[in-house]
Amino acid sequence: MTAAPNSSLRERKKRRTRQTLIDTALELFTRRGFGGVTLDELCEEVEVSKRTFFRTFTSKEDVAMAPGQDLWRVFLEELETADPDGLTVVELGRDALLAALARMDDEGWARRMLLSRRLAERTPSMGAHGLQFCEATTQEALAILHRRFGLGTPGDLRPRLAVDMLVAAFHGALASWVAQADETGGVSGTGRTRSEPPTAGELAARLREAVAALPASLALTAAPGGDGG
């Protein structure tokens, strides 16, 4: 009868430790540079062993990119239960990703996401790690689409292209979101808050705009003199 409460306590402790590792890593990497902080120094700062660290993360890159990776893991959960309701695959993915963003209800998530993206922009190893994670996530999404809706028969590239377009729309929205934060305030390059940080809701609005622009971008043509139409 006492196993469940003990298990719940252990899970809460694991979640707190994980969050502390993420927050501390992002602050240290932002302040001193990704390469300026060793794994030993990070673990010492959080007062955990390297063994504890590796129970949760695979590398410094993994902990630095945790905010975005958490979002896409929740996206897969949402896609697993999404109601197609006559939606296109891109629209279905959009709604699943918006639902995932809505679940990022911790008020600190947007700030952590911003710090993570800024680090990734100047850290090549984080970019490589992100590509690997993106491909793994894409394959999981395609597996869900195939299992639930029978999409993705051999030789049919459409599901892959649809997922790739959703990912591209998100990256475009994210870049715009980060750029606006740089222009209007948010988190400074040293990790200090200059004004109100951007919110997950603002990122969701930009994602809607980016997905809505996909059909127009596919119809965009190049004309002599640089006039598109």
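Just so it is clear, the structure is predicted and the values come from calculations on it, not from any experiment. (Residues numbered from 1 in each chain as written. Predicted model: local features only at pLDDT ≥ 70, side-chain atom pairs only at ≥ 80, totals over all residues. Heavy atoms only, no water.)

1. So, empty space enclosed by the protein
Gaps left between atoms show up when a probe the size of a water molecule is rolled over them. The criterion, for reference: Both cavities and pockets are sets of points on a 1 Å grid over the protein atoms alone; in a cavity a 1.4 Å probe fits but cannot get out, in a pocket the set is open with protein on both sides within 12 Å along at least five of seven lines, and lining residues sit with an atom within 4 Å of a point. Grid points are joined across faces, edges and corners, and a volume is the space filled by probe spheres set on the points. Secondary structure elements follow DSSP: runs of H or I no shorter than four residues count as helices, runs of E no shorter than two count as strands, and numbering proceeds from the N terminus. Ten residue types, Ala, Val, Leu, Ile, Met, Phe, Trp, Tyr, Cys and Pro, are classed as nonpolar, four, Asp, Glu, Lys and Arg, as charged, and the remainder, Gly among them, as polar.
By the definition in use, this model includes 1 cavity of 30 Å³ or more. One number sums up the size of the largest cavity: a volume of about 60 Å³. Lining the largest cavity, in full, are F75, L79, V89, V90, G93, L145, A162, V163 and L166. Counting residues per element, the ones that place at least two in the lining of the largest cavity are α5 (66-81), α6 (89-103) and α9 (158-184). When the residues that make up the lining of the largest cavity are grouped by side-chain class, the tally is 8 nonpolar, 1 polar and no charged.

2. A look at the nonpolar core
Counted only if it meets this: Grouping buried Ala, Val, Leu, Ile, Met, Phe, Trp, Tyr and Cys residues that are joined through side-chain atoms within 4.5 Å yields what is termed a nonpolar core. Per-residue accessibility, obtained with a 1.4 Å probe over protein chains only, is compared with the maximum for each type, and a residue is labelled buried under 20%, exposed over 50%, and partly exposed between these values. Pairs of residues are marked as contacts when any of their non-hydrogen atoms sit within 4.5 Å.
Ranked by internal contacts, the top residues of the largest apolar core, which has 42 residues, are F75, W109 and F170. Secondary-structure elements contributing two or more residues to this core are α5, α6, α7 (109-121), α8 (124-149), α9 and α10 (200-212). With 11 residues, α9 is the single largest residue contributor to this core. If near-sequence neighbours (up to four positions away) are discounted, F75 is found in contact with G93, A96, L97, A100, A141 and L166. Counting 23 residues, the second largest nonpolar core, distinct from the first, contains V37, L42, F57 and L119.

3. Some remarks on unusual backbone geometry
Here the phi dihedral of E47 falls at roughly 65 degrees; this positive angle occurs in a residue that is not glycine. Position of E47 among the secondary structure elements: in the loop between α2 (39-46) and α3 (50-56). Residue E47 is classed as exposed on the basis of its relative accessible area of 73%.

4. Concerning the packing of α9 against α10
Quick reminder of the rule: Axes here refer to lines fitted to C-alpha atoms; in helices the fit is confined to the stretch in contact. Angles between the N-to-C directions go from 0 to 180 degrees. To sort the angles, those under 35 degrees are grouped as roughly parallel, those over 145 as roughly antiparallel, those from 65 to 115 as roughly perpendicular, and the leftovers as oblique. Handedness of a helix crossing follows the sense of rotation of the near helix relative to the far helix, less than a right angle counterclockwise being left-handed and clockwise being right-handed.
In contact at an axis separation of 8 Å, α9 and α10 are set at 135 degrees when each is read in the N-to-C sense. In terms of their interaxial angle, α9 and α10 are classed as oblique. Seen along the crossing, α9 lies across α10 with a hand that is right-handed. Between α9 and α10, the contacting residues are L166, A169, F170, A173, L174, S176, W177 and Q180 on the first element and E202, L203, R206, L207, A210 and V211 on the second. Considered class by class, the residues forming the contact of α9 with α10 number 10 nonpolar, 2 polar and 2 charged.

5. Observations concerning α9
Our working rule: Every helix has an expected span of 1.5 Å times one less than the residues it contains.
Taking 1.5 Å of rise per residue, the 27 residues of α9 would be expected to cover 39 Å, and the 39 Å separating its terminal C-alpha atoms lies within 8% of that figure. Of the residues making up α9, those classed as buried are P159, A162, V163, L166, V167, A169, F170, A173, L174, W177, V178 and A181. In this structure, the buried residues of α9 make contact with α5, α6, α7, α8, α10 and α11 (214-218).

In short, geometric facts, not functional conclusions.
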